[in-house]
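# Chain and residue survey
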Amino acid sequence: MSTREQRERVELLQGTLDLLILRTLVRGPVHGHAIAKAIEFNSDDVLQVEQGSLYPALHRLIKRGWISVEDGTSENNRRAKFYRLTPKGRRQLAVETSKWDKLAGAIAQILRPAEREGGS
Amino acid sequence: MSRRKRMLENLEQDIREHIAIETQDNIDRGMAPEEARFAAIRKFGNVRRATEETREVWSFVWLEQLLQDVRFALRTLRKNPGFAFSAVVILALGISANVIVFGVLDGLILRPLDLPHAEQVMTLQPQHGGPFLSFPEMRDVRDGNSVFSAVAAIEIQEFGLEANGATRSVWGCEASGEYFELVGIKPFLGRLLQRADDDHPGASEAAVISYSAWKSDFGANPNIVGTSIRIDKHAYTIVGVTPEGFYGTEKMALPDIFVPMANQASLDGVSWLESRGYHSLFSVVRIKDGVSRPQVLAELKTIVARMAREHPKEEEGLALKLARPGLAGDFIGGPARGFLAGVMALAGIVLLAACANLGSLFAARTADRTREIAIRMAIGSSRWRILRSVLIEAFVISIFGGACACVLSWMSLDGLSSWHPPTRFPIKFLVVPHPSLILMAFLLSLLAGILFGVMPLRQIFKTDPNEAIKSGGSQASPGRRWALRDALLAAQIALCCVTVTAAFVSLRGLSRAVTMDLGFNPKNAVRYQFDLSQAGYTADTVTDHFQRQMLEKVLQIPGVQAAGYANTTPLSLDASNTAIFSEQTVEFRPSNEAFDAYFYYVSPGYLAAAGTALLAGRDVSFSDTADTPAVAVVNQEFARRLFHTENAVGRYFKNRSGVSIQIVGIMADGKYFTLSEDPEAAAFYPISRKGDTKTSLIVRSQRDTGDMVAAIRDVVHELDPAVPIRESGTWSSQLSLSLFPSQVATVALGLFGAFGLLLSIVGTFGLASYTVSKRLRELSIRVALGAQARQILSTALGRMLIVLGSGSVVGIVLGVAASRLLSAIVYQASAQDPFVLAAVAFTVLLTGALSVAGPVRRALHIDPAQLLREQ
């Protein structure tokens, strides 16, 4: 991994991984590796998921009842666990998303004046 | 739990699948298989941590890890038995020393008597002198006050108790009328003594027995009430039993039987109810609700002033004070409080030293584990996890240490409470090992262990895995800086020196006390004690009817060199003193008295039997009777105080009743009440002038004491089989009570001293061997480069010696300062004694040398070739 790559990629904020997983599962049940890939792909490879940290996050969500798990077969015929959004998880996603929007908005508001000063 | 199991069932496999898919993706993108696999793993991150964190999601993981850590800690401790053992021992000793001392302090001093509203129960005692009041004094307070709800007095006495057809000598208590009303307890059986029982002599023959006597001597008979017994040949009836846990109001004297004080004359053989000068009663008072201490003191002042006005001859100058009951007021309570506070401080010092020791032990241990910790961190263990394992190790050690401390302190306190000091007096330490105390010990050790286990945390958090692994566990500049553990060691050695100094000071004091001149020679003498009033004799008849015959028969026993008897002997606690007046005195009031002197009634031959030197004049004789002029043998101090010369034979003094007494002999000074007293005046009067049923027979012989004791017993029994013998045996062994305070002090301080030494050895050895092993490689190189032994030593242990030296010097100075406090307890204890200083310095030096000897040897025998090959 080159240092250039490292600089461009952004480490995930604490707790945002949960949100991203929930968002990924909206489109239907997916297995673990595919979730990681989807997050990377959908963010144009900017968000770097340390794949190992996916599993504790998945299990946390299962424990909270936001996602469920079922056995299945992956695209290349391997046995894999598929994760599915539960109705409770769907509601939670809405809550989390609006929370995130508020947070992002607030941070943007704080940062904008600074940007103007820097730009001038 | 089952859900958890299901969820985690295939976790590893899932992760493997995940990596396999990623690898496949990479291969599809054109990577070589090997490279693809590594890239996949790198991308996944730490598999182990991911698994662990996922497991943690499912809960009881902390418990699981805890168990794992505990198992790991146990395993590592088993592998380091030296470390584990010293840590546990240090903790156990440090904690239990404190708990034991606190237990004694609590039982004897802090804990109030187990009575309802015990805080209102106090004792009155004269401002000066002994703790006792006379009966008329108690009565004046009782009848003339408005601040006490009850006032009572007790006299502890020995009785001949006849029950179930056998006579035994038991300790009893003559209690005045309001006593049981005052203590406020409910009888276990029957009733307690009431005011009516004490109304006048012979008002009642009621006796109350204690719960323990009921249990042990009367077979816990539920129908005991109404049983007839005989006390000193007088008929009594048991009317009740005190409740369990009631031991009277003096914590160190436990009476088995209570009788009305009004009957005292028939039991004691002398009548003192009307005698103001007969000070032998412990008083107890209960302060009324809502009455303040200043009010009580003000009223006492008024009462005492009235007494002094009405009875100037006896009471002039009297002042009463309030004191806490239980230990003869401030008389024993004061010194005991001081001593126990001192020992408590010493125990605190030992605990501090133990903690310092533990701290440096843990610090050294953590340093030893630097490499292991670095490796664990390098392979992805979190700092918290490592911290936790260190904590758990400390925790495991504290649990073991705490358990040992609990067992040790429980056993010691239990032993102490069932232990009787070497005396015939009913002394018992009411120190019960309270569960709360044991819990405290346990918590204390947990706290100490964990606190000092965590101390080296900084070390762990600073650890740089790369650096630690590279340098092979020994850091770049090991031990160049002064570390926390050096300071800890110096502090600990200083503290240990304090305990060692205290131990030596008291040991020296005790050895002086043992070899001191007592004024008599207890060696090769046997002493018999009995009270003939228990066999029905009276003071008037006893000399002619029993004692003289006994003396003649004893003198005929083969091998007897000298024999004599007295009402009591010096250093047996029941010493009496009286005012002495010069011959010119005409008014015999306290302000005119010359001084107080101890007085004894002795038979002819007593001086020779006791080994007291008669320096001038003659011994008393049986021809000195009530009809001949009064005479006395006095000691040198007596003569010096009255006449400023020891040539006093033939001169006169007067007693309190104004009788002129001629001095016929001068004897050597001695000790009369305590070993630590200053020279006191004493007068020996002829016992044939004033008989006494209390008899202490002294027989001096070269024969085996066992034979002698038996032979004398036969003589006494032949004369009168009804005489109950209280005490018999060698005089030396019976004196042990006088040595008791010094012995207790010496044993206690000796233990602390030994413990301090042990701690300093462990600490010094630990740090020295740690230092050497840390710098083994550096030392090897030095040896290889041709360094001399001296240079090696100063490199390896130079700093240790500075630490040792400065710690010792500070400690000895502190110890000398602290030992001044000891002189109140231990006779002639002084830290200025060059012998003590030399002994302390030598001991400290020796232990220091011993404990660094091992590491020094190791440093000197370094084989550079071997070591450099290994590393």
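Everything below is about the structure printed above this text.
Presented here is a report on the structure given in the accompanying data block. These numbers were taken from a predicted model, which means no experiment stands behind them.

## Quick notes on the interface of chain B and chain A
Taken residue by residue, the interface counts 25 residues in chain B and 22 residues in chain A. Summed over both partners, the interface of chain B with chain A comes to about 2,300 Å²; 53% of that surface belongs to carbon and sulfur atoms. For the interface between chain B and chain A, the tally reads two salt bridges. One salt bridge in this structure joins Lys37(A) and Glu22(B), with 3.4 Å as the shortest N-O distance. Summed over the shared surface of chain B and chain A, the number is eight residue pairs in polar contact (both at pLDDT 80 or more). Contributions of two or more residues to the side of chain B that touches chain A are made by helix H1 (2-8), helix H2 (11-28), helix H3 (33-44) and helix H4 (47-57) of chain B. Element by element, the count of residues in the side of chain B that touches chain A is highest for H2(B), at eleven residues. Class assignment for the residues of the side of chain B that touches chain A results in ten nonpolar, seven polar and eight charged.

## Examining a positive patch on the surface
Where like charges cluster on the molecular surface, the positive patch consists of Arg71(B), Arg75(B), Arg78(B) and Lys79(B). Along the chain, Lys79(B) falls in helix H5 (residues 61-79).

## Points about the nonpolar core
Residues and elements named next belong to chain B. By size, the foremost hydrophobic cluster in this structure holds 52 residues, and its most contacted members are Ile95, Ile109, Leu358, Ile397, Phe752 and Leu759. Listing elements by their share of this core, those giving two or more residues are H5, helix H6 (81-110), helix H13 (330-368), helix H15 (383-417), helix H16 (435-454), helix H19 (484-515) and helix H25 (736-774). If we skip the residues at most four places from it in the chain, Ile95 touches Leu351, Ala405, Ala441, Leu444 and Ser445. Within the second largest apolar cluster, 46 residues are counted, among which are Met550, Met708, Ile712 and Val715.

## Description of the packing of H6(B) against H16(B)
Residues and elements named next belong to chain B. In the contact formed by H6 and H16, the axes pass within 10 Å of each other and the chain directions differ by 145 degrees. For the pair H6 and H16, the crossing hand works out as right-handed. For the pair H6 and H16, the contacting residues are Leu91, Ile95, Val99, Phe102 and Gly103 in the first and Leu437, Met440, Ala441, Leu444, Ser445, Ala448 and Gly449 in the second. When the residues that make up the contact of H6 with H16 are grouped by side-chain class, the tally is nine nonpolar, three polar and no charged.

## Here's the deal with a nonpolar patch on the surface
Taken together, Trp100(A), Leu103(A), Ile107(A), Ile110(A) and Leu111(A) make up a surface patch of nonpolar side chains, about 470 Å² in accessible area. Here Trp100(A) is to be found in helix H5 (residues 87-119).

## Observations concerning unusual backbone geometry
Residues and elements named next belong to chain B. Even without being glycine, Ala220 reaches a positive phi, approximately 50 degrees. Along the polypeptide, Ala220 turns up in the loop between helix H9 (211-216) and strand S6 (228-231). Exposure remark for Ala220: the relative accessible area of 28% places this residue in the partly exposed category.

## Notes on the state of the cysteines
All names here are of chain B. Taken as a whole and assessed by the stated rule, the structure comprises zero disulfides over all chains. The closest cysteine sulfur to the non-disulfide-bonded Cys496 is located on Cys497, 7.3 Å from its own sulfur. Owing to a relative accessible area of 2%, Cys497 belongs among the buried residues under this scheme.

What counts and what doesn't
Residues numbered from 1 in each chain as written. Chains lettered and ligands numbered in written order. Predicted model: local features only at pLDDT ≥ 70, side-chain atom pairs only at ≥ 80, totals over all residues. Heavy atoms only, no water. Contact = heavy atoms within 4.5 Å. Buried area = accessible area lost by both parts, 1.4 Å probe. Salt bridge = Lys/Arg side-chain N within 4 Å of Asp/Glu carboxyl O. Polar contact = N/O pair within 3.5 Å; in protein donor to acceptor, adjacent residues only side chain to side chain. Helix = DSSP H or I, 4+ residues; strand = E, 2+ residues; numbered from the N terminus. Nonpolar A, V, L, I, M, F, W, Y, C, P; charged D, E, K, R; others polar. Patch = residues over 30% accessible without salt bridge, like charges linked within 9 Å, V, L, I, M, F, W, Y side chains within 5 Å. Areas by Shrake-Rupley, 256 points an atom, 1.4 Å probe, with all protein chains shown as cover. Lys, Arg positive; Asp, Glu negative; His and termini not counted. Charge placed at Lys NZ, Arg CZ, Asp CG, Glu CD. Core = buried A, V, L, I, M, F, W, Y, C linked by side-chain atoms within 4.5 Å. Buried < 20%, exposed > 50% of the residue type's maximum accessible area, 1.4 Å probe, protein only. Axes fitted to C-alpha atoms, helices over the stretch in contact; angles between N-to-C directions. Left-handed = near helix turned anticlockwise from the far one by under 90°. Disulfide = S-S within 2.5 Å.

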